[in-house]
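Architecture and fold: a report
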Amino acid sequence: MDVINARSLPQLGQALRRLRKRRQLSQAELAQRAGVSRQWVIAAEQGRTRGLEIGHVMRVLDELDASLTVRDDLEPDAP
């Protein structure tokens, strides 16, 4: 299992692009399968959106057989 850390929209976009290419899908194919526009996929991959609709992100990740994990980065002993 490959873990991709994404702490910003540009990093999330890079992760989506990497997964899409690994699955050998075009932007148009992924968009159609996830029910989003190709323009949305392009914007997401480029990290040039002000914010991404979480529902769209989840549908795209589902089509890529990937998931979103939230990790607590604080040290266990930190307040």
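Residues numbered from 1 in each chain as written. Predicted model: local features only at pLDDT ≥ 70, side-chain atom pairs only at ≥ 80, totals over all residues. Heavy atoms only, no water.

Bringing the overall build of the protein chain into the picture now. Broken down by element type, the protein chain carries four helices and zero strands. With the C-alpha coordinates aligned to their principal axes, the bounding extent of the protein chain is approximately 45 × 30 × 20 Å. Taken across its 79 residues, the protein chain has 32% of its residues classed as buried. Long-range contacts, defined as pairs at least 24 residues apart, comprise 51% of the intrachain contacts of the protein chain with a sequence gap of at least 6. Carbon together with sulfur atoms contributes 47% to the accessible area of the protein chain, which is approximately 5,900 Å² in total. Taken together, the 13 basic and 11 acidic charged side chains of the protein chain have centroids lying 10 Å from each other. (Helix = DSSP H or I, 4+ residues; strand = E, 2+ residues; numbered from the N terminus. Buried < 20%, exposed > 50% of the residue type's maximum accessible area, 1.4 Å probe, protein only. Contact = heavy atoms within 4.5 Å. Areas by Shrake-Rupley, 256 points an atom, 1.4 Å probe, with all protein chains shown as cover. Lys, Arg positive; Asp, Glu negative; His and termini not counted. Charge placed at Lys NZ, Arg CZ, Asp CG, Glu CD.)

Quick look at the environment of D72 now. Mapped onto the elements of the fold, D72 is located in the segment after α4 (54-63). You can call D72 exposed: its relative accessible area is 60%. C-alpha of D72 to C-alpha of Q14: the two residues are 58 residues apart in sequence and 22 Å apart in space.

In this section: the packing of helix α2 (residues 27-34) against helix α3 (residues 38-46). Put simply, α2 and α3 touch, their axes get as near as 8 Å, and they point 115 degrees apart. Taken together, the axes of α2 and α3 are roughly perpendicular relative to one another. In this structure, α2 meets α3 at a crossing whose hand is right-handed. In this structure, α2 contributes Q27, A28, L30 and A31 to the contact, and α3 contributes R38, V41, I42 and E45. Of the residues in the contact of α2 with α3, the class split is five nonpolar, one polar and two charged. (Axes fitted to C-alpha atoms, helices over the stretch in contact; angles between N-to-C directions. Parallel < 35°, antiparallel > 145°, perpendicular 65-115°, else oblique. Left-handed = near helix turned anticlockwise from the far one by under 90°. Nonpolar A, V, L, I, M, F, W, Y, C, P; charged D, E, K, R; others polar.)

Here the focus is the environment of A6. In this fold, A6 is placed in the segment before α1 (9-22). Between the C-alpha atom of A6 and that of L68, which follows or precedes it by 62 residues, the distance is 9.8 Å. For A6, the contacting residues outside a window of four places in its chain are Q11 and L12.

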